[in-house]
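# Topology and contacts: notes
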Amino acid sequence: MAAVPPTAQVPSWMTKEYFVEVVAKKFGLSEDDFTIDALDVKPATEAGDNFASKLYRVAVGVSCKDGSSKKLSLIVKALVNMGMAEEMIQMMNVFPKEKEMYADIIPALEQLYREKGIYVEFGPKCYKNETRPTDSLVLEDLNDRQFRMVNRREGLDLEHTKVVLKKLAQFHAASAVLFERKGPFSAVFDEGMYNVRSKAIFEAHMRPHMETSVKMVRLWPNGEYYAEIMQDFSLSMLDELIKISRANPNGFNVLNHGDAWCNNLLFQYNADSTIATLVPVDYQMCVWASPSLDLLYFIFTSVRGDIRLPELDNLINFYHRNLTNNLNLLEYSKPIPSLKELHLDFIDHIAYGFAACFGVLPICLMEKTENASIDTMMSADDAGRLFREKMFSTPEYVRQMTELLPFFCEYGAFDIRHSGYQTPSGVCSDYLNLPGWFRREFFNDVVEKKLHLRNGNYYITKLEVSIATSKGDNYGSVMYRCKINVENKANNSEESFSVIVKTRPTGMAAEFSDALNPFAKEIEMYEKLIPAFEALYLDKDIGVEIGPRCLKTCEKVPSDVIVMEDLRSVRYKPVKRQDGLDQGHTERILEKLAQFHAASAVYGVRNGGFPEIFAHGLYNEKNMQMMEHMFTPAYNACLEELRQHASTKEYLEDLEKLRAVAFSRTMDCLVVDPDGFNVLNHGDFWINNTMFQYGSDGCLEDAALVDFQMCFYGSPVLDLNYFLFTSVKGNIKLAKLNHFIRYYHEQLVSNLTVLGYSKPLPTLKKLQMDFYDRIVYG
């Protein structure tokens, strides 16, 4: 190996033997007809010009048996020691995509035009692709044909821009026709740069990026307003990008290049310096989706700043004209999108261009720097922070973004959550994914109800928001703790209080939530039933608080929301779920459950029952399929674990038999006995839905129930089974089981008597029999 500079960091596998197959293919020789006598390996790009792989320019010297010699220049593209970026890149399928593009798809797209007598090039020739010892491609070096990049910091003028749009139109049109003739592209093209599989990695790396961008935007002219909005939507941007990156099955879709910025566009020039042709490179981010993705990405990263907005409509029109011409040329048989439809689609995907302005445009306009890499850009350390601050403070970048921010705002790009709001929320949060309605004005009636103030007599000075639960502690909703600071204008005083804001979850949990309609139940509980239950005790001069005070509810608009008193602010605390409840805590919460059940039984008798929504709880016929899909894997995993323990083997046969009927047996437990004693069950009565109040001396004083989303009408032993087998300490769970049932019964009968229950009181014997009859529920 000759003339390899030490800075090239040449991989050990890049040997003469590696290039034998390439030379044979390039020159049409047998591998025995030549020897490679020289390799010269250099970096093919400068720092800051390539982020998703490493590129090497390799000069190969060949001696043939016939005495002749040949030289060959190649580009080797490899995924080599990319640090934290490597996992992200692999999650995005970049090399499987590019391999398929060069091996199959690009030749097929070019062939469509050759069939019409037109020569079109969509990429360099590919001589080799490997997955071992690492993912690598060996490509034609377009530099040999005098192809070169435009200076990324200068951007593309109108002539260069139109050449790119013409090429994109050819590429897009051919991909639509190929799809029509051959069927869908492989699944790797279903997702692009932003996808669900890599969401967790993206969020981790985007957080420092987002924090720095907001910090720097504040320093720009008129930047404070936009920084506040950006801080509000924070990581919601990623959810929006994932959504709009997917193909619309009812819309016009194409194979997008996915990374069409100036460094991936190589131009060849005539002797008079006019543009001869263009060849795109780097097909790692291709995605089957709306062509607006490529248009937005290209226009907002690579077109010169002084012509981008003035020429925008003209550029969309130019692309559309070329797209239409090429679709007609290639005999596309489906409806061609109109110019109006393309404009509307462009606006609908506008957030994609906005994201490109913060992810790629600062790289385009930044001066060359040696430490430019994805690792540095996404790193949370000082080096990463300084690099990002430099990116976002380049004078030309600041100048262009000062023009672009109002443009994006006018097209609705800042309404990431589709909430109708594009103004700062006035909320302080640590980059939480807050819903769009979460803003100061939403809490006006909360303040009025809590502090008994009238509108106009106060001002909310500050909202501080944090997540109210730890990971693994909440599944059916999202809960925020919100501290509200209020200025009382009447007496110039300041007050503050804390509330819990509960709203709909996202993802699979949202689908589960929709099937159960839990917020309709919980709103009914907080607005009507719990106050009614507590009033029954108040009529007997007994103060009973079953749960937190409700300060506001919304159903569907702007979302399902419940705002309630923060029990922590009045000395309530949860018990750590991993620890379980001791006897004292168990008995105190059983007292509260008995009060709840007794009041519900009395209310039911006096009011003719409960609304239809309480006929079913967590388990019901409508959501049976979803429940089995969620919990069968857990049951199977549990059996696998039990097989490892000798002490449990005698139960395995019975558990295997139960597997097939577990859900039907569970449903049997829920059947209401019309002649039995029934109550409104809490329905999700486990340790995380209980809280305990302590005195200044640390003594347990009271308990409260929370989370009334799963309430249903039926036997009270369902709550007892659910609670005693999930939430009581393991060393007393069975030892004290009958004691706890008896203790609950005593409290239940006492409360029923106080409230004047008009039917026969349930006996302990009957309660015990019912408990064990429905023990499958436990």
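Residues numbered from 1 in each chain as written. Predicted model: local features only at pLDDT ≥ 70, side-chain atom pairs only at ≥ 80, totals over all residues. Heavy atoms only, no water.

### A look at the overall build of the chain
Each helix and strand counted, the chain has 27 helices and 20 strands in total. Here the C-alpha coordinates of the chain stretch approximately 110 × 75 × 55 Å along the principal axes. Within the chain, the fraction of its 778 residues that count as buried is 53%. Contacts spanning at least 24 positions in sequence make up 73% of the contacts within the chain whose residues lie at least 6 apart. (Helix = DSSP H or I, 4+ residues; strand = E, 2+ residues; numbered from the N terminus. Buried < 20%, exposed > 50% of the residue type's maximum accessible area, 1.4 Å probe, protein only. Contact = heavy atoms within 4.5 Å.)

### Quick word on empty space enclosed by the protein
By the definition in use, this model includes 6 cavities of 30 Å³ or more. Counted as a void, the second largest cavity has a volume near 130 Å³. Along the wall of the second largest cavity there are 17 residues; nearest its centre are Asp 232, Phe 233, Arg 417, Gly 436 and Arg 439. By residue class, the composition of the lining of the second largest cavity is 8 nonpolar, 5 polar and 4 charged. The residues that make up the lining of the second largest cavity include at least three from each of domain 2 (141-419) and domain 3 (433-535). (1 Å grid on protein atoms, 1.4 Å probe; cavity = no way out; pocket = protein on both sides within 12 Å on 5 of 7 lines; lining within 4 Å. Points joined across faces, edges and corners; volume = space filled by probe spheres on them. Nonpolar A, V, L, I, M, F, W, Y, C, P; charged D, E, K, R; others polar. Domains from an automatic or database assignment.)

### Let's talk about the nonpolar core
Core analysis: the biggest nonpolar cluster contains 122 residues, and Phe 354, Phe 358, Phe 408 and Phe 414 have the highest contact counts within it. Of the residues that make up this core, three or more belong to each of domain 1 (1-85 + 127-140) and domain 2 (141-419). Counting residues in hydrophobic clusters, the runner-up holds 74 residues, among them Phe 610, Phe 677, Phe 685 and Tyr 757. (Core = buried A, V, L, I, M, F, W, Y, C linked by side-chain atoms within 4.5 Å.)

### A look at the UniProt feature "domain: CHK kinase-like" (unreviewed entry) in the chain
Feature annotation in UniProt assigns "domain: CHK kinase-like" (unreviewed entry) to the following positions: residues 137-329 and 562-754. For the annotated span residues 137-329, helix accounts for 50% and strand for 11% of the residues, and the straight-line distance between the end C-alpha atoms is 33 Å. The distance from the first to the last C-alpha atom of residues 562-754 is 31 Å, and the span holds 50% helix and 12% strand. (UniProt positions renumbered as here; feature names shortened; annotations may be inferred.)

### Considering the pairing of strand E11 (residues 458-467)
Two elements, strand E10 (residues 427-429) and E11, share 3 bridges in a ladder whose sense is parallel. Counted as the bridge partner of Val 427 is Leu 463 from E11. Here 9 bridges tie E11 to strand E12 (residues 478-488), and the two strands are oriented antiparallel to one another. Note that in E12 the partner of Ile 460 across the bridge is Val 486. (Pairing = 2+ DSSP bridges.)

### Details of helix H23 (residues 662-669)
What H23 keeps buried is the set Ala 662, Phe 663, Thr 666, Met 667 and Cys 669. Across the axial projection of H23, the buried residues extend over an arc of 150°, all falling on one side. Against helix H21 (624-642), helix H22 (649-659) and helix H24 (717-727) lie the buried residues of H23. (Arc of directions from axis to C-beta.)

### With respect to the pairing of strand E5 (residues 136-140)
Among the 5 residues of E5, 5 are classified as buried, and the element is accordingly described as predominantly covered. Alignment of strand E3 (residues 69-78) against E5, held across 5 bridges, turns out to be antiparallel. Of the residues in E5, the one forming a bridge with Ile 75 is Leu 139. Summarising the sheet, strand E4 (residues 126-130) and E5 pair through 4 bridges and their orientation is antiparallel. Within E5, the residue paired with Lys 128 across the bridge is Val 138. Linking E4 to E5, which pair antiparallel, is a turn of 5 residues.

### With respect to the environment of Leu 156
Relative to the assigned elements, Leu 156 resides in the loop between E5 and helix H4 (158-182). On the basis of relative accessibility, which here comes to 0%, the residue Leu 156 falls in the buried class. Separated by 105 residues in sequence, Leu 156 and Trp 261 have C-alpha atoms that sit 10.0 Å apart. Beyond its immediate chain neighbours, meaning those up to four positions away, Leu 156 contacts Val 150, Thr 161, Val 164, Leu 265, Phe 267, Phe 298, Ser 302, Val 303, Arg 304 and Ile 307.

### Comments concerning the side chain of Lys 77
You can see Lys 77 is positioned in strand E3. Residue Lys 77 is classed as buried on the basis of its relative accessible area, which comes to 4%. Only 2.9 Å separates the side chain of Lys 77 from the side chain of Glu 98, close enough to count as a polar contact. (Polar contact = N/O pair within 3.5 Å; in protein donor to acceptor, adjacent residues only side chain to side chain.)

### Regarding the packing of H24 against helix H26 (residues 737-755)
Two numbers describe how H24 lies on H26: the axes approach to 12 Å, and their chain directions differ by 140°. In terms of orientation, H24 and H26 fall into the oblique class. As for how H24 packs across H26, the hand of that crossing is right-handed. Residues Leu 720, Leu 724 and Phe 725 of H24 pack against Leu 737, Phe 740, Ile 741 and Tyr 744 of H26. The residue makeup of the contact of H24 with H26, split by class, is 7 nonpolar, no polar and no charged. (Axes fitted to C-alpha atoms, helices over the stretch in contact; angles between N-to-C directions. Parallel < 35°, antiparallel > 145°, perpendicular 65-115°, else oblique. Left-handed = near helix turned anticlockwise from the far one by under 90°.)

### Focus: the state of the cysteines
Summed over all chains, the structure comprises 0 disulfides. Unpaired in terms of disulfides, Cys 126 finds its nearest cysteine sulfur in Cys 286, a separation of 14 Å. The partly exposed category is assigned to Cys 126, whose relative accessible area is 22%. Note on Cys 286: relative accessible area 0%, which makes it buried. (Disulfide = S-S within 2.5 Å.)

### Some thoughts on the side chain of Thr 301
As for its position among the elements, Thr 301 is in helix H8 (residues 292-302). Polar contacts involving the side chain of Thr 301 include one to the main-chain carbonyl oxygen of Tyr 297, which spans 2.6 Å. Here the side chain of Thr 301 touches Ser 302 through a polar contact of 2.9 Å, side chain to side chain. For Thr 301, the residues in contact, after removing those within four places along its chain, are Ala 260, Trp 261, Ala 356, Val 360, Leu 361 and Cys 364.

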